[in-house]
Amino acid sequence: MNQKIICYDKDLGIEAYSFTGVSQNFPNHFHDYYVIGLIEEGKRNLVVNSQEYKLVPGDLLTFNPYDNHSCEGIEGERLTYLCINLKKEIFQPFTGADLPKFLAPMQAQTKVAEDFRQLHQLLMNDGDVEEKETLFILLIEELLQQYTQTAQSILTDEQGTIADVCSYLETHYDQKITLEQLCKIVHLNKHSLVRLFTREKGITPYRYLETFRIVKAKELLEQGYSLTETADRTGFYDQSHFTNYFSRFIGLTPNQYRTIFEKRKEV
């Protein structure tokens, strides 16, 4: 059975996903939030920031914002996967102004997985608010103590150059952007820009732009914008192009994602 379920917990402000029996491969992309996920069934090849990992049931995923990652099934095995998405501001009560940084994207066979599983079940079934909050605090504290450090903010010259490119892409994502435009901004030729950007970010400037467009599209869909208007506002040249990218990156169609938030408003 292939099943994809997403819910939004309004008490904690958390998205929770449950994928069962999924064979879909996910291309290289990133999110602007933290992702905590658990492999329940199926083996997968995972690549995060150009590093390869083998995933098996019981492994916990810990992605930082902008960690680029892709995964594909091994020998046709189907994936059953639970995850929660955590916006960066959720960590402020725990860490203050400093954002945590997970030192590795995978925690193999960790005991924290059981605490995650319990919290995820409560989120998916709209469990008791106090119990959800308590388990959430305990889970975050465990993750912070065992697997993170405070993110460094010092940039090298090359990192500063790529940061300028990212800033431009994130500001003008709703427009057509060419490599030539980006080259003029940072005074590099196309070869040097693509090589430097890909080495630093693990993805090409074009893939970064497409991924950021999906990030903004999610925000618009959550606010109730139509698929047509969302596609137009985020720089996709038509709704078909938008739907194709969204489904590949998120694992749900834009309409499926939008429906979740329509139901939330009705409650």
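Quick caveat, the model's predicted, so the values are computed rather than measured.

Colleague: Looking at this model, I keep getting lost on the environment of Gln24. Mind explaining?
Modeller: Note that Gln24 resides in the loop between β2 (14-22) and β3 (26-29). Each C-alpha atom of the pair Gln24 and Ser240 lies 19 Å from the other, and the pair is 216 residues apart in sequence. In contact with Gln24, other than residues within four places in its own chain, are Lys4, Arg44, Ser247, Arg248 and Gly251. A polar contact of 2.8 Å, which involves the side chain of Gln24, links it to the side chain of Lys4.

Colleague: Help me understand helix α3 (residues 129-147), please; the structure alone is not making it clear to me.
Modeller: One turn of an α-helix holds 3.6 residues; hence residues three or four places apart share an orientation. The terminal C-alpha atoms of α3, which comprises 19 residues, lie 27 Å apart, in line with the 27 Å expected from a rise of 1.5 Å per residue. What α3 keeps buried is the set Lys132, Leu135, Phe136, Leu139, Ile140, Leu143, Leu144 and Tyr147. The buried residues of α3 occupy an angular sector of 165° when projected down its axis, which confines them to one face. Away from its buried face by more than 90 degrees, α3 exposes Glu130 and Gln145. For α3, the side-chain oxygen to backbone nitrogen distance between the N-cap and Glu130 is 3.1 Å, and the N-cap itself is Asp128.

Colleague: How do you make sense of the confidence of the model for the chain when you look at a structure like this?
Modeller: If pLDDT is low for a region, its predicted coordinates should not be looked at in detail. Of the residues in the chain, 96% have a pLDDT of 70 or more, and the chain-wide mean is 90. For the chain, the element scoring lowest by mean pLDDT is helix α10 (residues 254-266), at 76; strand β7 (residues 60-63) scores highest, at 97.

Colleague: Explain unusual backbone geometry to me, please; I cannot follow it from the model alone.
Modeller: For residues besides glycine, phi is generally negative; the peptide bonds are generally trans as well. A positive phi angle is found at Glu75, which is not glycine, with a value near 55°. Tracing the backbone shows Glu75 in the loop between β8 (69-73) and β9 (79-86). For Asp126, which is not a glycine, the phi torsion comes out positive at approximately 50°. The residue Asp126 is located in the loop between α2 (112-124) and α3 in this model.

Colleague: What's the story with the nonpolar core in this structure? I'm lost.
Modeller: One recurring pattern in soluble globular proteins: nonpolar side chains tend to sit buried together. The biggest cluster of nonpolar side chains holds 33 residues, and the ones touching the most others in it are Tyr17, Leu61, Tyr81 and Phe242. Ranked by residue count, the leading element in this core is helix α9 (residues 239-250), at five residues. Aside from chain neighbours lying at most four places away, what touches Tyr81 is Tyr17, Ser18, Phe19, Val35, Gly37, Leu38, Ile39 and Leu61.

Colleague: Just to check I follow, could you spell out the sheet that holds strand β4 (residues 34-41) for this structure?
Modeller: For sheets, the rule is that strands pair by backbone hydrogen bonds, running either parallel or antiparallel. Reading across from one edge, β1-β2-β9-β4-β7-β11 is the order of the six strands in this open sheet, with antiparallel pairing throughout. Two strands close off the open sheet at either side, each with one partner strand: β1 (3-9) and β11 (106-107). Relative to β11, β7 runs antiparallel, the two being bridged by two bridges. By the bridge assignment, Leu60 is partnered in β11 with Gln107.

Colleague: How do you make sense of the side chain of Gln107 when you look at a structure like this?
Modeller: Within the secondary structure, Gln107 sits in strand β11. Side chain to side chain, Gln107 and Thr62 meet in a polar contact 2.9 Å long. When sequence neighbours within four positions are dropped, the list of residues in contact with Gln107 reads Gly58, Asp59, Leu60, Thr62 and Tyr147.

Analysis parameters
- Residues numbered from 1 in each chain as written.
- Predicted model: local features only at pLDDT ≥ 70, side-chain atom pairs only at ≥ 80, totals over all residues.
- Heavy atoms only, no water.
- Helix = DSSP H or I, 4+ residues; strand = E, 2+ residues; numbered from the N terminus.
- Contact = heavy atoms within 4.5 Å.
- Polar contact = N/O pair within 3.5 Å; in protein donor to acceptor, adjacent residues only side chain to side chain.
- Expected span 1.5 Å × (residues − 1).
- Buried < 20%, exposed > 50% of the residue type's maximum accessible area, 1.4 Å probe, protein only.
- Arc of directions from axis to C-beta.
- pLDDT = per-residue confidence, 0-100.
- Core = buried A, V, L, I, M, F, W, Y, C linked by side-chain atoms within 4.5 Å.
- Pairing = 2+ DSSP bridges.

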